[in-house]
Amino acid sequence: MGISKEEKEREAENRERAKKIKRLMNEVSKYLQNEITTTEGKTKEKSIQYFSGEMLVDTLMSSSWAEENEDLHLETRMDAVEFCTGLLTNEFFIALKLKSKKRITDESSKSKKKGKPLKFDVIIDCGDFFDSPDHFYMWKYSPMGIWAYTIGGGLLLGVVAMALVPVWPGEAQIAFQYITNGSGVIVGVFFALLIVRLILFVLVWMFSKGVYHFWLLPNINEDKLGIVETFKPLYSLDNYYEEKEKKERRKKRREAREREQISGSEVTSATEDKKNN
């Protein structure tokens, strides 16, 4: 028996919903990576940058994602924990286990005094996320973006082409020279653009006394975006203090809502106890 039309439509809706959720997770993960301050640590293989589960939830709850996005619905910390669990399950970050667990406090204080990074073991297939200062995680960076593949492929083709230049026909050699010169111009324009946008940022920052942050083509260095998305938006102008105040107001409203929920649950439990008695 073949698949009915309704089943095909349902499968298409499920695929579209999964793509939307994955896209949302990518955007939130990118924001959290930029906002969270990590600390240097070590595993058996390499040095790492880690953060706590509590820090991840605090950053997410104080962000615009918590209220201004219709797809997340982060009303409480438990909602944020559920979303972070999804990020962990999809391997956006990896769980860590601090060595010498019996002496976490002593080891942490000694390491901070001596300036030595803490040592961790990587937990494989951990599906539980904890909103705790004693549970640690590290980002698992996404695969290379389209820019990385484009640049890598271009370099490889360039090396092969230069190795074969002596056996090319005369017309092909001339065309190759034009292409090489054009590539050099493009690279030069790109670096000139980076310098110009940095100068504009510094000028705006100086004349506004640090209030405004202006970036020309703010996504130009994001290799996780497509070529078209890299040039959108054309510019960004942010008021540093307004953004800071918004975060503080969102955090206060969130804390007030959580206190109301806790007090409401306490009243409900007290009422139930009286009924039982």
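Residues numbered from 1 in each chain as written. Predicted model: local features only at pLDDT ≥ 70, side-chain atom pairs only at ≥ 80, totals over all residues. Heavy atoms only, no water.

Trainee: Before we go on, may I ask you to explain the packing of aromatic side chains in this structure?
Mentor: Two aromatic rings are characterised by how far apart their centres lie and by the angle between their planes. Evaluated as defined, the whole model comprises 13 aromatic pairs. Ring geometry for phenylalanine 120 against phenylalanine 136: centres 5.5 Å apart, planes inclined by 65°, an arrangement best described as edge-to-face. Taken together, the residues phenylalanine 120 in strand β4 (residues 118–123) and phenylalanine 136 in strand β5 (residues 136–139) connect sequence positions 16 residues apart. We note that phenylalanine 120, like phenylalanine 136, is buried. Among the aromatic side chains, those forming a connected cluster through ring pairs are Phe51, Phe93, Phe129, Tyr137 and Trp139. (Phe/Tyr/Trp six-rings, centres within 6.5 Å; stacked < 30°, edge-to-face > 60°. Helix = DSSP H or I, 4+ residues; strand = E, 2+ residues; numbered from the N terminus. Buried < 20%, exposed > 50% of the residue type's maximum accessible area, 1.4 Å probe, protein only.)

Trainee: When you look at the sheet that holds β5 in this model, what are you seeing that I'm missing?
Mentor: The strands making up a sheet associate through backbone hydrogen bonding, with each pair oriented either parallel or antiparallel. Reading around the barrel, the 5 strands line up as β1-β2-β5-β3-β4 and close back on themselves, with mixed pairing between neighbours. Shown here is a sheet whose adjacent strand axes are inclined to one another by a mean of 55°, direction ignored. When strand β3 (residues 93–98) meets β4, the two strands line up antiparallel, connected through 4 bridges. From the neighbouring strand, leucine 96 faces β4, where its bridge partner is valine 122. (Pairing = 2+ DSSP bridges. Axes fitted to C-alpha atoms, helices over the stretch in contact; angles between N-to-C directions.)

Trainee: How should I be thinking about the confidence of the model for the protein in this particular structure?
Mentor: Low pLDDT marks regions whose predicted coordinates should not be analysed in detail. Across the protein, the average pLDDT comes to 78, with 77% of residues at 70 or higher. For the protein, helix α5 (residues 104–114) is the element with the lowest average pLDDT, namely 48, and β5 is the one with the highest, namely 90. This model gives residues 102–108 a pLDDT under 50, and the stretch forms 7 contacts once residues within four places in sequence are excluded. (pLDDT = per-residue confidence, 0-100. Contact = heavy atoms within 4.5 Å.)

Trainee: Explain the side chain of serine 132 here, please?
Mentor: By the secondary structure assignment, serine 132 is in the loop between β4 and β5. Within the structure, the side chain of serine 132 is placed 3.4 Å from the side chain of histidine 135, a separation counted as a polar contact. Residue contacts for serine 132: discarding those within four places in its chain leaves Ser52, Gly53 and Glu54. (Polar contact = N/O pair within 3.5 Å; in protein donor to acceptor, adjacent residues only side chain to side chain.)

Trainee: Can you walk me through the pairing of β4 in this structure?
Mentor: Note on strand geometry: in a regular strand, side chains alternate between the two faces of the sheet. Two strands pair when backbone bridges link them, and strand β1 (residues 39–42) and β4 are joined in this way by 2 bridges, in the parallel orientation. Directly across from lysine 42, in β4, lies its bridge partner lysine 119.

Trainee: Before we go on, may I ask you to explain helix α4 (residues 77–89) in this structure?
Mentor: Spacing of three or four residues puts side chains on the same side of an α-helix, whose turn is 3.6 residues. Between its first and last C-alpha atoms α4 spans 18 Å; for 13 residues at 1.5 Å apiece the expected length is 18 Å, and the two agree. Every buried residue of α4 is listed here: Ala80, Val81, Phe83, Cys84, Gly86, Leu87 and Leu88. For α4, the secondary structure elements touched by its buried residues are α1 (5–35), α2 (53–61), β3 and β5. The first or second residue beyond α4 is glutamate 91, which carries a positive phi of 65°. (Expected span 1.5 Å × (residues − 1).)

Trainee: Mind showing me how you'd approach unusual backbone geometry here?
Mentor: Only a minority of non-glycine residues have a phi that is not negative, and only a minority of peptide bonds are not trans. We note that lysine 209 has phi near 60°; this positive angle belongs to a residue other than glycine. By the secondary structure assignment, lysine 209 is in the loop between α7 (170–207) and β6 (212–216). Backbone geometry places leucine 217, a non-glycine residue, at a positive phi of 50°. When you line up the elements, leucine 217 lands in the loop between β6 and α8 (227–230).

Trainee: Would you take a moment to explain the nonpolar core for this structure?
Mentor: Side chains of nonpolar character tend, in soluble globular proteins, to be buried together. Core analysis: the largest hydrophobic core is formed by 27 residues, its most contacted members being Val28, Leu32, Leu56, Leu60, Phe83, Phe93 and Phe129. Elements with a minimum of two residues in this core: α1, α2, α3 (65–68), α4, β3 and β5. Looking at which element gives the most residues to this core, the answer is α4, with 6 residues. In contact with valine 28, other than residues within four places in its own chain, are Leu60, Trp65, Leu72 and Phe83. Counting 8 residues, the second largest nonpolar core, distinct from the first, contains Leu96, Leu118, Phe120 and Phe136. (Core = buried A, V, L, I, M, F, W, Y, C linked by side-chain atoms within 4.5 Å.)

Trainee: Help me understand the packing of α1 against α4, please; the structure alone is not making it clear to me.
Mentor: Axes are the key here: two packed helices are described by the angle between their axes and the distance separating the axes. Where α1 meets α4, the axes come as close as 11 Å, and the angle between the chain directions of the two elements is 100°. On the basis of their axis angle, the class for α1 and α4 is roughly perpendicular. Across the interface between the two elements, Met25, Val28 and Leu32 from α1 touch Phe83, Gly86 and Leu87 from α4. Looking at side-chain class alone, the contact of α1 with α4 contains 5 nonpolar, 1 polar and no charged residues. (Parallel < 35°, antiparallel > 145°, perpendicular 65-115°, else oblique. Nonpolar A, V, L, I, M, F, W, Y, C, P; charged D, E, K, R; others polar.)

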